[in-house]
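Each chain, written out:
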Amino acid sequence: MSVSEDNHSGLTRNQGLVLDALSRADAPLSAYTILDQLRDAGFRAPPQVYRALEKLVESGRVHRLESLNAFVACQHPGCDGHTTVAFTICEQCGRVAEVSDTALVERIREIADASGFRVSKSTVELRGLCAQCVPSA
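In short, a report on the structure.

### Regarding the overall build of the chain
- Helix and strand counts for the chain stand at 4 helices and 5 strands.
- Helices (α) and strands (β) of the chain occur, in sequence order from the N terminus, as α-α-α-β-β-β-β-α-β.
- Sequence-distant contacts in the chain: of pairs separated by 6 or more residues, those separated by 24 or more amount to 49%.
- Of the roughly 8400 Å² that the chain leaves accessible, carbon and sulfur atoms contribute 49%.

Laid out in structure tokens, this is it:
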């Protein structure tokens, strides 16, 4: 897949390829899974993937799911300005959804302010069953 200037403005070739792989994925991907998928595009070593992921996370185009040690493409354009990102993670089918909730952001800020803590970034991961898996549980 070729990297489109319109979709990947300001990205290197490797960053664009990694973002494309994550955007096509049905589930979060580990760095090694990304490496395997991009070998035909010239990726040979984990540092190539990790450098691209680092820049994509910094720019807000990709999020890291700490509990899964995996990455997902941002589902909300302009997310790079958000200090709080939340995800639902289905423990049965593996589906991950990014959640945008201003009330959650405000509540996290209130909790931090009450203890004199200044939040620079937070990631909330909610684990359980998605709507499709609840009936089968």
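### Focus: the nonpolar core
- Core analysis: the largest hydrophobic core is formed by 19 residues, its most contacted members being Val18, Leu22, Ile34 and Leu53.
- Of all the elements in the fold, those that place two or more residues in this core are helix H1 (13–24), helix H2 (31–37), helix H3 (46–58) and strand S2 (70–73).
- Looking at this core element by element, the count peaks at 5 residues for H1.
- For Ile34, the contacting residues outside a window of four places in its chain are Val18, Leu22, Leu29, Val49 and Leu53.
- With 6 residues, the next largest nonpolar core counts Leu65, Val72, Val85 and Phe87 among its residues.

### Some points on the pairing of S2
- A two-sided burial pattern is seen for S2, the buried positions comprising Ala70 and Val72 on one face and Phe71 and Ala73 on the other.
- With 4 bridges joining them, strand S1 (residues 62–65) and S2 adopt antiparallel strand pairing. Within the sheet, the bridge partner assigned to Arg64 lies in S2 and is Phe71.
- Linkage of S1 to S2, two consecutive antiparallel strands, is achieved through a turn of 4 residues, within which Asn69 is found at a positive phi near 50°.

### A look at helix H4 (residues 102–114)
- Across its 13 residues, H4 extends 18 Å between first and last C-alpha, which sits within 8% of the 18 Å expected from 1.5 Å per residue.
- Between the side-chain oxygen of the N-cap and the backbone nitrogen of Ala103 there are 2.8 Å, and the N-cap of H4 in question is Asp101.
- Gly116 occupies a position one or two residues after H4 and carries a positive phi of about 75°.

### Considering the pattern of salt bridges
- In the structure shown here, the tally under the stated rule is 6 salt bridges.
- The partner of Asp36 in a salt bridge is Arg39, with the nearest N and O atoms 3.5 Å apart.
- When its relative accessible area of 51% is taken as the criterion, Asp36 is described as exposed.
- Here Glu106 makes a salt bridge to Arg109, at a shortest N to O gap of 2.6 Å. Of the two residues, Glu106 and Arg109 are both situated in helix H4; the distance of 3 residues between them amounts to about one turn of the helix.

How each quantity is defined
- Residues numbered from 1 in each chain as written.
- Predicted model: local features only at pLDDT ≥ 70, side-chain atom pairs only at ≥ 80, totals over all residues.
- Heavy atoms only, no water.
- Helix = DSSP H or I, 4+ residues; strand = E, 2+ residues; numbered from the N terminus.
- Contact = heavy atoms within 4.5 Å.
- Areas by Shrake-Rupley, 256 points an atom, 1.4 Å probe, with all protein chains shown as cover.
- Core = buried A, V, L, I, M, F, W, Y, C linked by side-chain atoms within 4.5 Å.
- Buried < 20%, exposed > 50% of the residue type's maximum accessible area, 1.4 Å probe, protein only.
- Pairing = 2+ DSSP bridges.
- Expected span 1.5 Å × (residues − 1).
- Polar contact = N/O pair within 3.5 Å; in protein donor to acceptor, adjacent residues only side chain to side chain.
- Salt bridge = Lys/Arg side-chain N within 4 Å of Asp/Glu carboxyl O.

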